[in-house]
Structures are given as structure tokens and as C-alpha cells.
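Overview (structure and organization)
What follows is the residue order along each chain.
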Amino acid sequence: MNDLSILTTLIFDIIIIMKPNILFVFSDQQRWDTCGCYGIPPVENLTPNLDRMASEGVRFNHAYTCQPICGPGRAALMTGKYPAEIGCHVNHRMLPLEEKTIAHHMSSAGYEVGYIGKWHLASEGPKNGPNDFGILSVPPERRGGFKDYWLVADVLEHTSHSYDGYMYDSDGNKRVFPENRFRADVTTDWAIEYLENRKNDKPFFLFLSYIEPHHQNDHNHFEGPHGSKDKYKNFIPPGDLVDTAGNWREEYPDYLGCVNSLDYNLGRLRSTLEKLGIDKNTVIIYTSDHGNHFLTRTSKTYKCSCHDGCIRIPMIIYGPGFTGGKVVEELISLIDLPPTVLTTAGITPPSYMRGNAVQRVVNGDTTNWQDDIFLQISIAQCGRAIRTNKWKYSVCALDKTGRDISSDEYTEDCLYDMESDPHEKNNMVTSPSHKEVRAELAERLKRRMAAAGEKVPKILPKT
């Protein structure tokens with residue numbers, strides 16, 4: 001190797017070392033209003049670590065999912081494309097092998113890429129079928145480019161409960177939870193183990209995907225740490241749940257127990273980064289895939305509706321470029337995070353990514369920023385929606401099921417004035433005095449659908 005080659009290699013190594021580490025902390029089914037930093041905590045001191053991170057970093061006050069269900073939300077995060085665009089609009093759809101993920105981009109830029117927890121992009125079901133990687137080890141080609149570290153159960157709710165379960169390592173070996181150890185604690189134990197034992201010769205991108213506070217499917221209950229029901233029995237219910245049916249009265253204490261456990265473990269992660277001396281050069285992203293309406297909007301699922309209890313999510317980022325206790329009021333979508341991650345790593349996001357890196361609005365440039373959020377909705381219905389600062393407008397396809405990917409014709413389903421009716425109690429979708437509002441929102445929705453690669457549909461009034 002000549003002197004020029006050696007110098008070039010050294011410069012490349014220095015650039016790689018200077019890149020920030022990125023720790024993406026991802027909860028599952030967490031409402032935005034479970035976090036004290038959003039101003040309406042259900043109990044006092046529920047999320048002290050997240051609140052502290054918000055006070056030091058950047059809190060996004062109006063963050064929303066782009067698809068309120070687990071697998072599709074993850075597909076959007078990995079690819080930067082809307083779920084219907086790549087055939088991942090419902091759960092149990094394998095991420096297409098040809099899709100280039102954020103892990104591929106990060107790896108090409110010199111990052112060590114790792115994933116721990118719930119993946120939910122490699123199984124097609126049904127349970128115990130030939131490709132049911134939901135309960136088996138995910139083969140390398142189905143790992144979305146996370147090639148350096150892998151400790152995962154594809155559908156973690158199928159391989160575990162709150163105090164028992166297992167994941168698989170990169171060699172396909174089953175790793176069983178220690179006895180009497182809460183699931184979020186175990187997931188964090190293994191993340192800390194990774195951080196403490198890695199070589200440190202590259203910056204890392206670690207995606208840490210918890211299942212909490214998601215309900216436990218086979219038990220049909222939320223399962224917090226032992227004692228949660230008593231500890232959080234005096235919670236203050238969110239306004240959208242008040243005077244509704246659903247199962248929130250009995251389930252919310254355990255839900256909050258899960259949230260508190262996530263917060264405790266966020267504190268453990270930050271302490272580990274500090275102990276290792278890498279906290280100043282690590283960006284931490286905390287968010288969730290969607291919220292939870294506790295069966296109040298539809299009895300079919302805990303999510304899959306256009307309502308804010310289901311689509312509004314916490315989003316806090318801290319680290320280089322995200323400091324100062326800022327609050328961003330602009331509308332942010334989950335689909336904005338893939339280009340945000342790449343931009344943080346110094347990578348120019350590819351043009352096919354549908355979102356926009358949030359660094360621009362964090363730095364005060366709101367010129368031509370989006371004034372609505374687009375959502376695709378499945379399972380409970382084949383639907384589409386937009387959320388503006390003032391309005392919520394949704395449509396559904398009456399002749400389709402929730403498993404259909406799209407439709408040529410939709411019927412208006414919901415219209416809410418989010419300023420005067422933030423808890424969405426008064427659906428004005430048939431109000432004669434709001435006919436012009438609905439017409440304007442229908443055109444905006446059509447433009448959004450076209451921009452997401454969908455055919456522009458016909459939208460009919462609800463009769």
C-alpha cells in the first residue's frame with residue numbers, strides 16, 4: 001500500500017469515528033399522552049427519564065404514525081415508503097427482499113448495524129406454517145440488512161409473555177429470558193450487553209424494538225410488571241376514553257406499568273452510554289409505532305382507526321443536532337424518521353423516500369413544511385385519512401375488507417374539528433354546514449394518495 005492509500009484509509013477511518021452513534025428506541029402501541037413531557041400525564045412521575053431527555057433534546061409535539069398497526073408501521077420505518085406501496089399494509093407480510101432498508105444505507109456508510117427485539121417483517125403466518133418465522137429464527141436474508149448484530153423474535157408477542165419467553169441470535173440459537181425477569185428489562189439487559197461488548201471500531205446504529213406496552217395477544221390483557229394494577233389504579237383517564245366502553249378501566253394500570261418500565265430502562269440505557277463515554281456522540285430517538293384506543297373506536301383492534309388516541313405518538317430525539325429542550329410544533333410523521341436517521345449519519349436520503357428529514361424544522365426552517373399528515377388504515381377497514389392542525393378527515397372503502405390494499409372508491413367516514421373537539425366526540429361527516437370543508441379535505445387527501453403512489457380514487461359523501 002502506498003503513502004496516498006494509507007492517508008486515504010486514515011482519513012476515511014477518522015470520518016467514520018466522528019459520525020454519531022444512533023440508538024433508536026422503539027415502543028409498541030404507546031399513546032403520546034402517557035409521557036409527562038406532553039403535559040397531561042395520567043399519573044405523577046410516570047416517565048422521569050423520558051421527560052428529562054425531552055428537556056435536554058427535542059420534543060415533537062404533533063407526531064403521528066403513517067399506518068396504525070405493527071408490521072406496516074415498521075415496514076415504513078425500514079424503507080421510507082408507505083406500507084401499501086410495498087405490499088406490507090397488514091401484519092404477516094414479509095418485507096420484500098428487493099427493498100433497500102435504512103440498515104443497508106447505514107452499513108454502506110460505515111456503520112455497524114444491529115437489531116434487538118421485535119421485528120415483525122419476516123413472517124407470513126399462519127402459525128406453524130412453512131414460513132412462520134414469527135416463532136422460528138428469522139433467516140439472514142429476511143433481516144432487512146441488519147447483518148452485524150441480531151437478537152430477535154419476529155413476532156415477540158408469540159414467543160414471550162411478560163415474564164417468560166425467548167428470542168433468537170444471529171446464528172439461530174434460542175436465547176431464553178432469565179426466570180422472573182420482566183420482558184422490557186431482559187430486552188434492555190441484552191442491549192446493554194451489546195453496547196458493553198462491541199469493538200467500538202465503527203459508529204453503531206442499534207434499533208431496539210420493545211413490545212411494551214402492547215397487549216399480550218394470547219391472554220388478551222396488558223401485562224405490566226408485578227404490582228402495576230395496584231400502583232397505577234388511581235390513574236387519570238385520557239379525555240377520549242372518558243364516558244366510553246372499551247376495556248381501559250381494567251387494563252390501563254398495567255398499560256401504564258409497561259410505560260413506566262420502558263422509562264426506567266431508557267434511564268439504564270443512558271447511564272450505560274455515559275459509563276462508556278459515548279453519550280455525547282450518540283443520538284437517541286424515542287418513538288412508537290402507533291397508539292391505543294382500548295377498543296373504544298372499533299371492537300376489532302386496539303388500533304387501526306384514524307383517531308388521535310390511536311395515531312398520535314411520542315417522539316423525542318436527543319444528541320448531536322438535537323439539544324436545547326426545543327419543542328417542534330410542526331406536523332411530523334413516522335415516515336419522516338427514515339430520512340432523519342440517514343441525515344443524522346451524513347447520508348443523503350434517496351429520492352424514493354416519502355418523508356422529510358426533521359433536522360430542517362428543528363433548526364427553525366419551516367418553509368413549505370407539510371401542513372397535513374397522510375395515513376393508510378387497514379384491518380378494521382380499508383381506509384385513508386389526513387390530519388391537519390385543525391381537521392381530521394377519513395374515508396373508507398365500503399366494498400372492501402380491511403385486508404384489501406386499496407380501492408378505486410371510498411366513502412367519507414369521519415370529520416372532526418380538532419381545535420374545538422380534541423377528543424373526537426362529535427363526528428361531523430354528514431354536517432351540511434361542513435360540505436365545503438369536506439370537499440377541500442377530499443382534494444387534499446387525493447393529492448396525498450397520488451404522492452404516495454396510489455391511484456386517485458372517487459370519494460363519495462356518507463349518506
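Rules used throughout
Here, residues in each chain are numbered from 1, in the same order as that chain's written sequence. In view of the model being predicted, local features appear only for residues whose pLDDT reaches at least 70, and side-chain atom pairs are presented and counted only at 80 or more, with totals across whole chains, interfaces and linings using the full set of residues. For side-chain calculations, the full set of non-hydrogen atoms in the structure is used, while hydrogens and water are omitted. The secondary structure listing takes helices from DSSP runs of H or I that are at least 4 residues long and strands from runs of E that are at least 2 residues long, numbered from the N terminus. Every radius of gyration here is taken over C-alpha atoms, with the globule rule written as 2.2 Å times N^0.38, N being the number of residues. Think of it in three bands: with a 1.4 Å probe and only protein chains considered, a residue is buried below 20% of the maximum accessible area for its type, exposed above 50%, and partly exposed in between. In what follows, a contact means two residues having at least one pair of non-hydrogen atoms within 4.5 Å. Computed with a 1.4 Å probe, the accessible areas rest on the Shrake-Rupley method; for each residue, only the protein chains presented here act as cover. Working convention for charge: Lys and Arg count positive, Asp and Glu count negative, and His plus the chain ends are omitted. Every charge is mapped onto a representative atom, which is NZ of Lys, CZ of Arg, CG of Asp or CD of Glu. Here the term cavity refers to a set of points on a 1 Å grid, laid over the protein atoms alone, in which a 1.4 Å probe fits but cannot get out; the term pocket refers to an open set having protein on both sides within 12 Å along at least five of seven lines, with lining residues being those that place an atom within 4 Å of a point. Grid points are joined across faces, edges and corners, and a volume is the space filled by probe spheres set on the points. Each residue is assigned to one of three groups, with Ala, Val, Leu, Ile, Met, Phe, Trp, Tyr, Cys and Pro labelled nonpolar, Asp, Glu, Lys and Arg labelled charged, and all others, Gly among them, labelled polar. Helix span, as expected, comes to 1.5 Å for every residue beyond the first. Salt bridges, as used here, are contacts in which a Lys or Arg side-chain nitrogen is within 4 Å of a carboxyl oxygen on Asp or Glu. In this analysis an axis means a line fitted to C-alpha atoms, helices contributing only their contacting stretch, and an angle means the value between N-to-C directions, from 0 to 180 degrees. Angles are sorted into four bins: roughly parallel if under 35 degrees, roughly antiparallel if over 145, roughly perpendicular if 65 to 115, and oblique for all others. By definition, pLDDT measures how confident the predictor is in each residue, and it falls between 0 and 100. Here the aromatic set is Phe, Tyr and Trp, taking the six-membered ring for Trp, and pairing holds for ring centres within 6.5 Å; pairs whose planes are under 30 degrees apart are stacked, those over 60 apart are edge-to-face, and all others are tilted. Sitting over a ring, as applied to charges here, requires NZ of Lys or CZ of Arg to be within 6 Å of the ring centre and within 35 degrees of the ring normal. Residues grouped as a nonpolar core are buried Ala, Val, Leu, Ile, Met, Phe, Trp, Tyr and Cys residues, joined through side-chain atoms within 4.5 Å.

So, about the overall build of the chain. Looking only at helices and strands, the chain has twelve helices and 16 strands in total. In summary, the chain has a C-alpha radius of gyration of 22 Å against a globular reference of 23 Å for 463 residues, a match within 12%. Oriented by its inertia axes, the alpha-carbon framework of the chain measures out at about 75 × 55 × 50 Å. A total of 463 residues make up the chain; the buried ones form 63% of that total. The contacts of the chain with a sequence gap of at least 6 include a subset with a gap of at least 24, amounting to 70%. Accessible area for the chain stands at about 18100 Å²; split by element, carbon and sulfur atoms hold 50% of it. Taken together, the 51 basic and 60 acidic charged side chains of the chain have centroids lying 2 Å from each other.

The next subject is empty space enclosed by the protein. Where empty space is left becomes clear once a probe the size of a water molecule has been rolled over the atoms. In the structure shown here, the tally under the stated rule is one cavity of 30 Å³ or more. Quantified by volume, the largest cavity comes out at close to 40 Å³. Tallied by class, the residues present in the lining of the largest cavity amount to three nonpolar, four polar and two charged.

Before going further, it helps to examine helix α8 (residues 248-275). Relative to the 40 Å expected for 28 residues at 1.5 Å per residue, α8 spans 39 Å between its end C-alpha atoms, a close match to the ideal helical length. Summarising burial for α8: 22 of the 28 residues are buried, a large majority. Trailing α8 by a residue or two, Gly277 shows a phi angle of about 75°, which is positive.

As a working rule, side chains carrying opposite charge can pair if their charged atoms are close by. Tallying each qualifying case throughout the model produces 33 salt bridges. Note that Asp308 is salt-bridged to Lys392, the shortest N-O span being 2.9 Å. Here the residue Asp308 occupies a position in helix α9 (residues 308-311), and Lys392 occupies one in strand β14 (residues 391-396), the gap between them amounting to 84 residues. Each of the two residues, Asp308 as well as Lys392, counts as buried. Here Asp372 makes a salt bridge to Arg448, at a shortest N to O gap of 2.7 Å. Taken together, the residues Asp372 in the loop between α11 (359-362) and β12 (373-377) and Arg448 in helix α12 (residues 435-451) connect sequence positions 76 residues apart. Residues participating in the shared-partner salt-bridge network are Asp28, Arg74, Lys118, Glu157 and Asp289.

Where helix α2 (residues 48-56) contacts α8, the two axes come as close as 7 Å, and the packing angle between them is 55°. On the basis of their axis angle, the class for α2 and α8 is oblique. In this structure, α2 uses Pro48, Asn49, Leu50, Arg52, Met53 and Glu56 to contact α8, whose residues at the interface are Asp263, Tyr264, Leu266, Gly267 and Arg270. Residue classes in the contact of α2 with α8 are distributed as five nonpolar, two polar and four charged.

A separate point is the confidence of the model for the chain. Per-residue confidence for the chain gives a mean pLDDT of 95, with 95% of residues at or over 70. Between residues 7-16, whose pLDDT stays under 50, and residues either more than four places distant or in other chains, the model counts five contacts.

Moving on to the packing of aromatic side chains. Within this structure, the stated rule accounts for 26 aromatic pairs. Here Tyr82 and Phe374 contribute two aromatic rings whose centre-to-centre distance is 5.2 Å and whose plane-to-plane angle is 70°, an arrangement assigned as edge-to-face. One end of the pair, Tyr82, is in the loop between α3 (70-79) and α4 (102-108); the other, Phe374, is in strand β12, and 292 residues separate them in sequence. The buried category is assigned to Tyr82, whose relative accessible area is 4%. For Phe374, a relative accessible area of 1% translates into the label buried. Consider the rings of Phe222 and Tyr255, whose centres lie 5.5 Å apart with planes at 90°: the pair is edge-to-face. With Phe222 in the loop between β8 (204-209) and α7 (228-231) and Tyr255 in helix α8, this residue pair connects regions lying 33 residues apart in the sequence. Of the residues examined, Phe222 reaches a relative accessible area of 2% and is grouped as buried. Aromatic rings pair up to connect Phe24, Phe26, Tyr115, Trp119, Phe146, Trp150, Phe205 and Phe207 into one cluster. The aromatic ring of Tyr38 is capped on one face by Arg59, whose charged end is 5.0 Å from the ring centroid.

Grouped together as the largest cluster of nonpolar side chains are 70 residues, with contacts concentrated most on Phe60, Met106, Phe146 and Phe205. Contact partners of Met106, with chain neighbours within four places excluded, come to Ile22, Tyr111, Val113, Phe205, Val341, Leu342, Ala345 and Ile347. Counting 39 residues, the second largest nonpolar core, distinct from the first, contains Tyr163, Phe177, Phe182 and Leu262.

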